There are 2 protein chains.
Amino acid sequence: VSADGRAFTTGVKTTKGVVGYDLTRLLIGSEGTLAVITEATLRLTPRPEAKRTLRAIYRDVESAAEAVVRLMGQPVTPCALEFMDHRAIEMIRDYPEAAALPTDAGALLMIEVDGPAAYLEAAEAAVRAAAAGHGLLRVESASDPAEVKALWATRKALSPALRHVAPKKINEDVAVPVANIPALVRALEGLATRYGITIVNFGHAGNGNLHVNLLIDPEDPGQAEAAQGCLSEVFDQVLALEGTLSGEHGVGLEKRDYVDRELDPVALELMHRLKATFDPRGILNPGKGLPDPHPAPSPS
Amino acid sequence: VSADGRAFTTGVKTTKGVVGYDLTRLLIGSEGTLAVITEATLRLTPRPEAKRTLRAIYRDVESAAEAVVRLMGQPVTPCALEFMDHRAIEMIRDYPEAAALPTDAGALLMIEVDGPAAYLEAAEAAVRAAAAGHGLLRVESASDPAEVKALWATRKALSPALRHVAPKKINEDVAVPVANIPALVRALEGLATRYGITIVNFGHAGNGNLHVNLLIDPEDPGQAEAAQGCLSEVFDQVLALEGTLSGEHGVGLEKRDYVDRELDPVALELMHRLKATFDPRGILNPGKGLPDPHPAPSPS
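Residues numbered from 1 in each chain as written. Chains lettered and ligands numbered in written order. Predicted model: local features only at pLDDT ≥ 70, side-chain atom pairs only at ≥ 80, totals over all residues. Heavy atoms only, no water.

1. A few points about the overall build of chain A
Working step 1: Within chain A, the secondary structure is distributed over nine helices and seven strands.
Working step 2: Judged by the C-alpha coordinates and their principal axes, chain A covers about 60 × 55 × 30 Å.
Working step 3: The buried share of chain A, reckoned over its 300 residues, is 51%.
Working step 4: At a minimum sequence separation of 6, the contacts of chain A that also span at least 24 residues come to 75%.
Working step 5: Carbon and sulfur atoms make up 53% of the accessible area of chain A, which amounts to about 13,800 Å² in all.
Working step 6: Taking the 30 positively charged and 40 negatively charged side chains of chain A as two groups, their mean positions are separated by 5 Å. (Helix = DSSP H or I, 4+ residues; strand = E, 2+ residues; numbered from the N terminus. Buried < 20%, exposed > 50% of the residue type's maximum accessible area, 1.4 Å probe, protein only. Contact = heavy atoms within 4.5 Å. Areas by Shrake-Rupley, 256 points an atom, 1.4 Å probe, with all protein chains shown as cover. Lys, Arg positive; Asp, Glu negative; His and termini not counted. Charge placed at Lys NZ, Arg CZ, Asp CG, Glu CD.)

Structural data, given as structure tokens:
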């Protein structure tokens, strides 16, 4: 529904289509600031015939980060590749789901491959070969549902555990090119030490998308201030590593003042003009997603 | 480069990213009317380990069209699925590449599957099972490069043959949801008969994308007029079948006057406003892609 209250449709029901501008993809991710989406038709893909789940445990985060680069650099692309650092593992140490984790686990990866059943043995062999390397302590695999559930339990226990420890934690979702994950992990370790903040890192490493959790108590003015300084440096590091401030969560209000560090100034100006074109009265989710516009030069 | 001559970049180097509006996808397919693209960075995917090519010959186009629906409705999605109707086959009858085609071939499909080598036997079995049915005359398969080339020769011979027969043919690239291909093929047969125009249909059937070739002599005013009437009905049929006027070729000047039959009027108005926002002086590929705007109501 447009800002002036008219319902409209965009897109095609075919897998291809090049008539008109791609309003569908412009609206996706616009956080309700250009129009209101009231209905969406999704394309389905065939469900994979089979799936195999592996959990690889590493001595330290650097080893696990290097394994992510190897895993994404070979032809058998995992359908899931999740990362947990040593602090994330410590968070769930006392949960029953984590009982089986070795005491020297410094990081872990959850790796899934899917596809035709006849292919999974070769696929598992390929990801096992890529997972192997410096710092690997153990790899376990599972294919039946109960075993898979047990392996995932560690990862699933993490978010509740974090909410319990630090209900007002700052949770970012930066992403970098996969090859730069080791450098990002190193940078985050350095910032945690320098600012004296516990940072827990986990997330969708196969996309280069890490959830950076700053465990702070916002009631403590010193911690809140340190967190802002630390966060600002996290974003600068991510951008220096050719990354983005948000892989999936979006910008909203929280990150709008950092957006101009990432976006090209001309592109940002075009986005402000887009917003004004679609929503001249500024009534659609006002103030979200973009920093306040500078006075735009007249379009000559 | 923006209309006022400033270079800018859009998009991310990560596989995910939700900061700002998706200008990249807005510019893709905009036919040079919103900005000038001077550089593009593409993502590569791993090359498949192996590929198998099949050619299936059917008694008539309806049988082949039904086979397309079956092929795309099972889990082993082909990486290529090309269609040629009986008139397309007749066009290349005298070419050496088509020597092996049986005289009762009424339509043919080129089908390719790719993936890990260990999987291709099962994949070929699945597509053979889907290709089998009413009207199937013969299936051949190939995996070594020389055999594959021989199978594709028929399809590759077609475009030169068509250019030879009708240098000024009208070549459209409509697309419909795959399930509606049989209905589209029937409708095109009916229009060819009613308008007395030879229509040759071939194309990327797996996408629902058919190249509809009207073989006319534009020097003959009667034929040119019939072609315009026929083309208009082709587009109406495609839209009635939930399709799009262009799967891949784009709109340019040739199809701009048909665009408002497909696009929602509110969406079209937003596209005109987008164009005015990005290119206020109208200097970027003027007149292409969209019909002339009606005077827009003020945005209240």
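2. As for the sheet that holds strand β4 (residues 136-142) of chain A
All names here are of chain A.
Working step 1: Read from one edge of the open sheet, seven strands run β4-β1-β3-β2-β6-β7-β5, paired in antiparallel fashion. The open sheet is flanked by β4 and β5 (170-172), the only strands paired with a single partner. Pairs of neighbouring strands in the sheet enclose a mean axial angle of 15°, with direction left out of account.
Working step 2: Docked against the sheet, helix α5 (residues 145-165) engages β1 (50-58), β2 (80-85), β3 (107-115), β4, β6 (198-204) and β7 (209-215), running at close to 55° with respect to β1.
Working step 3: Contacts between helix α7 (residues 221-240) and the sheet are confined to β5, β6 and β7, with β5 contributing the most and set at about 5° to the helix. (Pairing = 2+ DSSP bridges. Axes fitted to C-alpha atoms, helices over the stretch in contact; angles between N-to-C directions.)

3. Let's talk about the interface of chain A and chain B
Working step 1: The interface is formed by 65 residues belonging to chain A together with 65 residues belonging to chain B.
Working step 2: Regarding the contact of chain A and chain B, the summed buried area is about 5,600 Å², with carbon and sulfur atoms giving 65% of it.
Working step 3: Of all residues in chain A, the largest losses of buried area upon contact with chain B belong to A:Lys16, A:Val19 and A:Tyr21, amounting jointly to 16% of the total for that side.
Working step 4: Linking chain A to chain B there are six salt bridges. (Buried area = accessible area lost by both parts, 1.4 Å probe. Salt bridge = Lys/Arg side-chain N within 4 Å of Asp/Glu carboxyl O.)

4. Description of the sheet that holds strand β4 (residues 136-142) of chain B
All names here are of chain B.
Working step 1: As summarised here, the arrangement of the seven strands in space is β4-β1-β3-β2-β6-β7-β5, forming an open sheet in which the pairing is antiparallel. Looking at strand neighbours, the two that pair on one side only are β4 and β5 (170-172), the edges of this open sheet. Ignoring strand direction, the axes of neighbouring strands in this sheet form an average angle of 15°.
Working step 2: Bridging between β5 and strand β7 (residues 209-215) involves three bridges; their strand directions are antiparallel. Bridging from a neighbouring strand, Asn 171 pairs with Asn 213 of β7.
Working step 3: Of the strands in this sheet, β1 (50-58), β2 (80-85) and β3 (107-115) touch helix α2 (residues 61-72), which is tilted by about 20° from β3.

5. Quick notes on the packing of aromatic side chains
Residues and elements named next belong to chain A.
Working step 1: Evaluated as defined, the whole model comprises two aromatic pairs over all chains.
Working step 2: Taken together, a centroid distance of 4.7 Å and an interplanar angle of 65° make the contact between Phe 235 and Tyr 258 edge-to-face. Of this pair, Phe 235 sits in helix α7 while Tyr 258 sits in the loop between α7 and α8 (259-262), placing them 23 residues apart in sequence.
Working step 3: For Phe 235, a relative accessible area of 0% puts it in the buried group.
Working step 4: Exposure remark for Tyr 258: the relative accessible area of 12% places this residue in the buried category.
Working step 5: Sitting over the ring of Trp 152, Lys 156 keeps its end group 5.8 Å from the ring centre. (Phe/Tyr/Trp six-rings, centres within 6.5 Å; stacked < 30°, edge-to-face > 60°. Lys NZ or Arg CZ within 6 Å of the ring centre and 35° of its normal.)

6. Some words on the relation of the copies chain A and chain B
Working step 1: Between chain A and chain B, which share one sequence, the superposing operator has a rotation angle of 180° and an axial displacement of 0.0 Å; the RMSD is 0.0 Å. Expressed as a symmetry operation, the mapping of one chain copy onto the other fits a two-fold axis.
Working step 2: When the interface residues of chain A are mapped onto chain B, 100% of them again lie at the interface, so the same face is used by both copies. (Least-squares fit on C-alpha atoms with pLDDT ≥ 70 in both.)

7. Quick look at α5(A)
Residue and element names in this part refer to chain A.
Working step 1: Its 21 residues give α5 an end-to-end C-alpha distance of 30 Å, which sits within 8% of 30 Å, the value for a rise of 1.5 Å per residue.
Working step 2: Its axis deflected by about 40° at Ala 153, α5 carries its strongest bend there.
Working step 3: Restricting attention to buried positions, one finds in α5 the residues Val 148, Leu 151, Trp 152, Ala 153, Thr 154, Arg 155, Ala 157, Leu 158, Ala 161 and Leu 162.
Working step 4: The distance from a side-chain oxygen at the start of α5 to the backbone nitrogen of Ala 146 is 3.0 Å, and the residue carrying that oxygen is Asp 144. (Expected span 1.5 Å × (residues − 1). Bend = angle between axes of the 7 residues up to and from the residue. Polar contact = N/O pair within 3.5 Å; in protein donor to acceptor, adjacent residues only side chain to side chain.)

8. Quick word on the packing of helix α9 (residues 265-278) of chain A against helix α9 (residues 265-278) of chain B
Working step 1: Interaxial distance between α9(A) and α9(B) falls to 10 Å at its minimum, and their mutual angle equals 145°. Crossing handedness for the pair α9(A) and α9(B): right-handed. Note on element contacts: α9(B) touches α9(A) through B:Leu270, B:Arg273, B:Leu274, B:Thr277 and B:Phe278, opposite A:Leu270, A:Arg273, A:Leu274, A:Thr277 and A:Phe278.
Working step 2: Of the residues that constitute the contact of α9(A) with α9(B), the class distribution is six nonpolar, two polar and two charged. (Left-handed = near helix turned anticlockwise from the far one by under 90°. Nonpolar A, V, L, I, M, F, W, Y, C, P; charged D, E, K, R; others polar.)

9. Comments concerning the nonpolar core
As a rule of thumb, soluble globular proteins bury nonpolar side chains together.
Working step 1: Counting 136 residues, the largest nonpolar core has A:Leu109, A:Leu214, B:Leu109 and B:Leu214 as the members making the most contacts within it.
Working step 2: Non-local contacts of A:Leu109, meaning those with residues more than four positions away in its chain, are made with A:Leu54, A:Arg55, A:Ala56, A:Tyr58, A:Ala64, A:Ala67, A:Val68, A:Leu71, A:Leu81, A:Glu82 and A:Phe83. (Core = buried A, V, L, I, M, F, W, Y, C linked by side-chain atoms within 4.5 Å.)

From the geometry alone we can't say anything about function, so treat these as descriptive.
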